[in-house]
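Below, each chain spelled out in residue letters.
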Amino acid sequence: MAKKLFAVFGNPVSHSKSPLMHNLAFEGLSYDACYTRYLLENGEKLKDTFLKLGLKGINITVPHKEHAYHACDILDPFAQKVGAVNTIVKKEEKLYGYNTDAPGFLKAISEFKEVKKVLFLGAGGTAQSTSSILRDEGYEVTILNRSAGRLEKYIQEEFECYTFESFEPKIYDLVINMTSAGLEDDSLPAPKEILDNIIPNAKACVDVIYGKETPFLKLSKAYNKPTKDGSDMLLYQGIIAFGYFTDHTYRFDEIKKHMQKVFTL
Ligand code: NDP
């Protein structure tokens with residue numbers, strides 16, 4: 001059988017760890033496949049490009065998750081619900097679409113027990129799928145965002161929503177930075193006075209940014225809170241995608257053993 005080809009599509013895509021993660025697992029599990037990256041500038045061309053390159057599957061990163069959703073012939077019910085696809089697999093000439101970001105995030109925070117009330121700082125694309133899965137799992141999710149515009153769809157879905165101006169602090173078990181504040185700058189995701197009000201009451205604080213200690217995580221540590229960055233979310237979304245790519249041939253822990261080497265290379 002011919003070697004199977006996979007890729008990550010995005011713009012930019014040079015920073016993506018997905019090729020390394022998946023190739024480590026393909027090699028470690030002796031699965032005859034290769035994973036590369038593709039700079040896709042025009043999201044409208046996602047399906048044509050996929051088919052032209054002869055790929056078996058792809059991951060999709062910023063800003064094409066919505067284009068990926070529209071490119072699929074068959075959608076997994078959760079991807080259908082949130083309108084964002086980050087994993088596509090071709091089976092019998094049809095493109096199947098999945099969202100593995102949200103279940104990856106859910107697994108990443110599962111280590112925090114007795115958590116019910118969650119505060120999201122941020123209302124972008126990542127917050128959208130993860131807030132949905134958390135609510136499905138019984139968490140109470142409140143959204144706090146810098147500006148009002150992105151809150152509209154959350155209000156329609158009956159999430160409790162605030163801007164910095166309208167925020168009325170309550171007690172939250174878990175506070176999560178879902179923004180890009182701290183990714184390439186030194187900013188906090190919300191005014192310090194707000195964070196100084198909510199972090200002391202939290203059981204733990206989580207950031208979706210990985211590979212660095214953000215100002216949000218620094219502040220949380222200063223309050224002696226257990227913290228976690230976005231590395232496990234990255235790893236787990238990749239393991240779940242790998243399961244779809246390989247038709248669930250391997251157990252989660254088998255894949256993890258190889259894929260997690262990405263953090264030591
Ligand atoms: P979006 O561009 O869709 O949304 C960005 C959000 O961040 C908005 O709510 C925006 O608020 C807010 N924001 C940006 N800068 C600031 C700031 N300085 N202060 C306050 N709020 C700010 O981004 P995504 O949802 O795609 O990504 C969010 C983060 O998630 C990124 O850091 C990304 O790297 C990370 N991520 C991590 C993954 C992982 O596997 N660990 C997977 C996917 C994403 P406003 O509406 O006011 O503009």
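Only a predicted model underlies this, so the values are computations on that prediction, with no experimental measurement involved. (Residues numbered from 1 in each chain as written. Predicted model: local features only at pLDDT ≥ 70, side-chain atom pairs only at ≥ 80, totals over all residues. Heavy atoms only, no water.)

## As for the side chain of Asp101
Phase 1: Structurally, the position occupied by Asp101 is in helix H5 (residues 101-108).
Phase 2: Other than its neighbours up to four places away in sequence, Asp101 contacts Lys65, Asn86, Ser129, Met233 and Gln237. (Helix = DSSP H or I, 4+ residues; strand = E, 2+ residues; numbered from the N terminus. Contact = heavy atoms within 4.5 Å.)

## Section: the domain arrangement of the protein
Phase 1: Along its sequence, the protein is organised into domain 1 (4-100 + 231-263) and domain 2 (113-225).
Phase 2: With eight residues of domain 1 at the contact, the number on the domain 2 side is 10 residues.
Phase 3: Summed over both sides, the interface of domain 1 with domain 2 buries roughly 740 Å², with 62% coming from carbon and sulfur.
Phase 4: Ranking the residues of domain 1 by area buried against domain 2 places Phe78, Val82 and Met233 at the top, with a combined share of 49%.
Phase 5: In this structure, the connection of domain 1 to domain 2 is made through one salt bridge.
Phase 6: Remark: the boundary between domain 1 and domain 2 carries two residue pairs in polar contact (both at pLDDT 80 or more).
Phase 7: Looking at the side of domain 1 that touches domain 2, the elements that each hand over two or more residues are helix H4 (77-82) and helix H10 (231-245).
Phase 8: Among the residues making up the side of domain 1 that touches domain 2, the classes are represented as four nonpolar, two polar and two charged. (Domains from an automatic or database assignment. Buried area = accessible area lost by both parts, 1.4 Å probe. Salt bridge = Lys/Arg side-chain N within 4 Å of Asp/Glu carboxyl O. Polar contact = N/O pair within 3.5 Å; in protein donor to acceptor, adjacent residues only side chain to side chain. Nonpolar A, V, L, I, M, F, W, Y, C, P; charged D, E, K, R; others polar.)

## Let's talk about the sheet that holds strand S11 (residues 204-207)
Phase 1: A sheet is described by the order of its strands in space; here six strands give the open sequence S9-S8-S7-S10-S11-S12, paired in parallel fashion. Whereas interior strands pair on both sides, the edge strands pair on one side only; in this sheet they are strand S9 (160-163) and strand S12 (227-228).
Phase 2: In this sheet, strand S8 (residues 140-145) lies alongside strand S7 (residues 117-121) in parallel orientation, the contact comprising five bridges. The residue bridging Leu121 from the neighbouring strand is Leu144, located in S8.
Phase 3: Here helix H6 (residues 125-136) sits on the sheet in contact with S7 and S8, set at roughly 175 degrees to S7. (Pairing = 2+ DSSP bridges. Axes fitted to C-alpha atoms, helices over the stretch in contact; angles between N-to-C directions.)

## Quick look at the packing of aromatic side chains
Phase 1: Within the structure shown, the criterion is met by 14 aromatic pairs.
Phase 2: Relative to Tyr38, the ring of Phe9 has its centre 5.2 Å away and its plane inclined at 45 degrees; by these criteria the two rings are tilted. Taken together, the residues Phe9 in strand S1 (residues 4-10) and Tyr38 in strand S2 (residues 33-39) connect sequence positions 29 residues apart.
Phase 3: Arranged with centres 6.4 Å apart and planes meeting at 20 degrees, the rings of Phe167 and Tyr172 form a pair that is stacked. The burial state of Phe167 is the same as that of Tyr172; both residues are buried.
Phase 4: What links up through ring pairs into an aromatic cluster is the set Phe6, Phe26, Tyr31, Tyr35, Phe242, Phe245 and Tyr250. (Phe/Tyr/Trp six-rings, centres within 6.5 Å; stacked < 30°, edge-to-face > 60°. Buried < 20%, exposed > 50% of the residue type's maximum accessible area, 1.4 Å probe, protein only.)

## Concerning the site of the ligand
Phase 1: Around the ligand, the structure places 23 residues, and the nearest of them are Thr126, Asn145, Ser147, Arg150 and Val208.
Phase 2: In this structure, Val208 approaches the ligand through a main-chain N or O atom, which is 2.9 Å from a nitrogen atom.
Phase 3: In this structure, Leu234 approaches the ligand through a main-chain N or O atom, which is 3.4 Å from an oxygen atom.
Phase 4: Protein contacts shield 80% of the accessible area of the ligand, which totals 950 Å² for the unbound molecule.
Phase 5: Within the residue set of the shell around the ligand, elements represented by two or more residues are H6 and H10. (Near = heavy atom within 4 Å. Areas by Shrake-Rupley, 256 points an atom, 1.4 Å probe, with all protein chains shown as cover.)

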